[in-house]
Amino acid sequence: MADFAFTGPEPDLADLLAARPAFAMHAQDGLCFEDVPLNAIADQYGTPVWVYGAGSMQARYAALQAAFKAQNLDVHIHYAVKANDHIAILDIFRQLGAGADVVSLGELLRARRAGIAAKDVVYSGVGKAEAEIEAALAQGIGQFNVESTEELDMLSALATRTGTTAKVVLRMNPDVDAGTHAKITTGLAENKFGIAAADIPALYARATALPGIAMRGLALHIGSQILSPEPYATAYAKAAAMVRLLRAQGMTVTVLDLGGGIGIGYHDEPGMNLAAFAAVVKREVGGLGVDLLMEPGRYLVGPAGLLLASVVLQKQAAKRFVVLDAAMNELMRPALYEAWHGILPVNAALFHGIASPADIVGPVCESADCFAKDRELPDLGPGERVALLDAGAYGAVMSSSYNARPRAASVLVSDGQFRLITPRQRLEDLWADEVLP
Ligand code: LLP
């Protein structure tokens, strides 16, 4: 099975830059993102700092919409909040017309806080708690993606008790290998997600008769960081067959939720070919006469964010170690999935300097606290800054304060300006809620 570990030749700094049009290297200002010098952000707010680009998110959203439009498809986009749940980012997608895909009450309330209407929210997840379901019903949430017969019964009971009706799709597990990392694949029978196809017809029929439940259709989500349309084609063909079967049995099916998972290019592999993906959607489910929706996260925000860090020191031991002020507690993906993230120096002079292999690490007391092994980078003395690329998705949301490290600040770049959207956590806030017995 493919994973995030990069095995091909490493892209060099110029390749990384060339593949990312939102970045530019200026002789004086150094590395710029959406026309803002990263040095200006670091000078004002310090490092480590997350930097997000509104223009990149808008452009990516537009590209996805355009791919669907070219196929004459109307697919409503529900941004997967888990990828990056900052309300400033949710607000950007709300302005673009997106709904939200949430997996907890916290995410639902974040979406609501950003002004996304409850009716435009779908609620996924294998373990929705009673209190969360009740709150979602009270808010008038648009759709529950139900993942088990047990959850369906619980939902029916709660909706009946509160005098509400839950709009429901069943999440079908299509048993398709998405060809992605084992820790983020979700569409195999062995995964905890969804309902086996064989069980769908009987459950759908039973659900239709349950009080408090309004059956709408099906959902599926086969995994994340998927780079080829092929697994989607297989999964969507199975979904289409299921829609036809359900209808043949007299069921009403009006919604198909296509899930998320569209992959991006972290090194020099091409990201998902959107035109080919949209063509697959058109071919497999375009003629079903259902409302189509999709739950992308990473595709929309991954390349639209970076983690800006400073070098604490460069240590020459058995090999060269560049120790940053950012660590695995900020960006966990390399430690958790051996994920590869591009690293660019901010200083233009260094960009053209002689490169040699170095391990890029953080100060946390774990060997897993390593962003890159044997990466070809120039000499990076104390105070030099680097950008860890493509960190907009599953970066800040997965961070922690391990080693009593305060949460990094976040900055949003928009129209050539930058603004602080989360201040750096103060040290004393780390223990502010703790109580001495
Ligand atoms: N819908 C459902 C039901 C999901 O479980 C997910 C992601 C998405 C949508 C959005 O998937 P996306 O378009 O972002 O691929 N932490 C991992 C990724 C975990 C994805 C979990 N589910 C990483 O850093 O790669």
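Preceding this paragraph is the structure being described.
Rules and cut-offs
Residues numbered from 1 in each chain as written. Predicted model: local features only at pLDDT ≥ 70, side-chain atom pairs only at ≥ 80, totals over all residues. Heavy atoms only, no water. 1 Å grid on protein atoms, 1.4 Å probe; cavity = no way out; pocket = protein on both sides within 12 Å on 5 of 7 lines; lining within 4 Å. Points joined across faces, edges and corners; volume = space filled by probe spheres on them. Helix = DSSP H or I, 4+ residues; strand = E, 2+ residues; numbered from the N terminus. Nonpolar A, V, L, I, M, F, W, Y, C, P; charged D, E, K, R; others polar. Domains from an automatic or database assignment. Buried < 20%, exposed > 50% of the residue type's maximum accessible area, 1.4 Å probe, protein only. Pairing = 2+ DSSP bridges. Core = buried A, V, L, I, M, F, W, Y, C linked by side-chain atoms within 4.5 Å. Contact = heavy atoms within 4.5 Å. Near = heavy atom within 4 Å. Polar contact = N/O pair within 3.5 Å; in protein donor to acceptor, adjacent residues only side chain to side chain. Areas by Shrake-Rupley, 256 points an atom, 1.4 Å probe, with all protein chains shown as cover.

### Remarks on the layout of surface pockets
Phase 1: When its volume is computed, the largest pocket comes out at roughly 750 Å³.
Phase 2: Lys82, Thr186, Phe193, His221 and Tyr394 are the residues nearest the centre of the largest pocket, which is lined by 38 residues in total.
Phase 3: Elements supplying a minimum of two residues to the lining of the largest pocket: helix H11 (298–301) and helix H12 (333–337).
Phase 4: Its residues placed into classes, the lining of the largest pocket shows 15 nonpolar, twelve polar and eleven charged.
Phase 5: Viewed by domain, the lining of the largest pocket spans two of them, domain 1 (2–47 + 304–431) and domain 2 (55–301), each represented by three or more residues.

### Thoughts on the pairing of strand E19 (residues 385–388)
Phase 1: Side chains Arg385 and Ala387 project from E19 onto one buried face, and the interleaved Val386 and Leu388 project onto a second face that is buried too.
Phase 2: The sheet contact formed by strand E14 (residues 305–316) and E19 spans four bridges and is antiparallel. Bridge assignment links Ser310 to a residue of E19, and that residue is Arg385.
Phase 3: Two elements, strand E16 (residues 343–345) and E19, share three bridges in a ladder whose sense is antiparallel. Within E19, the residue paired with Pro345 across the bridge is Val386.

### What to know about the nonpolar core
Phase 1: The biggest cluster of nonpolar side chains holds 133 residues, and the ones touching the most others in it are Leu38, Phe144, Val168, Leu170, Tyr236 and Leu256.
Phase 2: It is helix H9 (residues 230–248) that provides the largest number of residues to this core, a total of nine residues.
Phase 3: Residues lining this core come from more than one domain, with at least three contributed by each of domain 1 (2–47 + 304–431) and domain 2 (55–301).
Phase 4: With residues up to four places along the chain from it excluded, the contact list for Val168 reads Phe144, Val146, Leu152, Leu155, Ile213, Ala214, Met215, Arg216 and Gly217.
Phase 5: Ranked by size, the runner-up nonpolar core spans five residues in total, among them Val169, Ala219, Val255 and Leu293.

### Notes on the sheet that holds strand E1 (residues 23–26)
Phase 1: Sheet architecture is open: three strands sit in the order E1-E2-E3, paired in antiparallel fashion. Edge strands, defined here as strands with exactly one partner in the open sheet, are E1 and strand E3 (36–37).
Phase 2: Bridge count between E1 and strand E2 (residues 30–33): four bridges; the pairing is antiparallel. Across the sheet, Phe23 pairs through a bridge with Phe33, a residue of E2.

### Concerning the site of the ligand
Phase 1: Not every one of the 20 residues close to the ligand is listed here, only the nearest: Ser224, Glu295, Arg333, Tyr337 and Tyr394.
Phase 2: Within the side chain of Ser224, one N or O atom sits 2.4 Å away from an oxygen atom of the ligand.
Phase 3: In this structure, a nitrogen atom belonging to the ligand sits 2.7 Å away from a side-chain N or O atom of Tyr337.
Phase 4: Protein contacts shield 92% of the accessible area of the ligand, which totals 590 Å² for the unbound molecule.
Phase 5: Of the residues contributing to the shell around the ligand, the split by class is seven nonpolar, seven polar and six charged.
Phase 6: Two domains each provide a minimum of three residues to the shell around the ligand, namely domain 1 (2–47 + 304–431) and domain 2 (55–301).

Everything listed here is a matter of geometry and, on its own, says nothing about what the molecule does.
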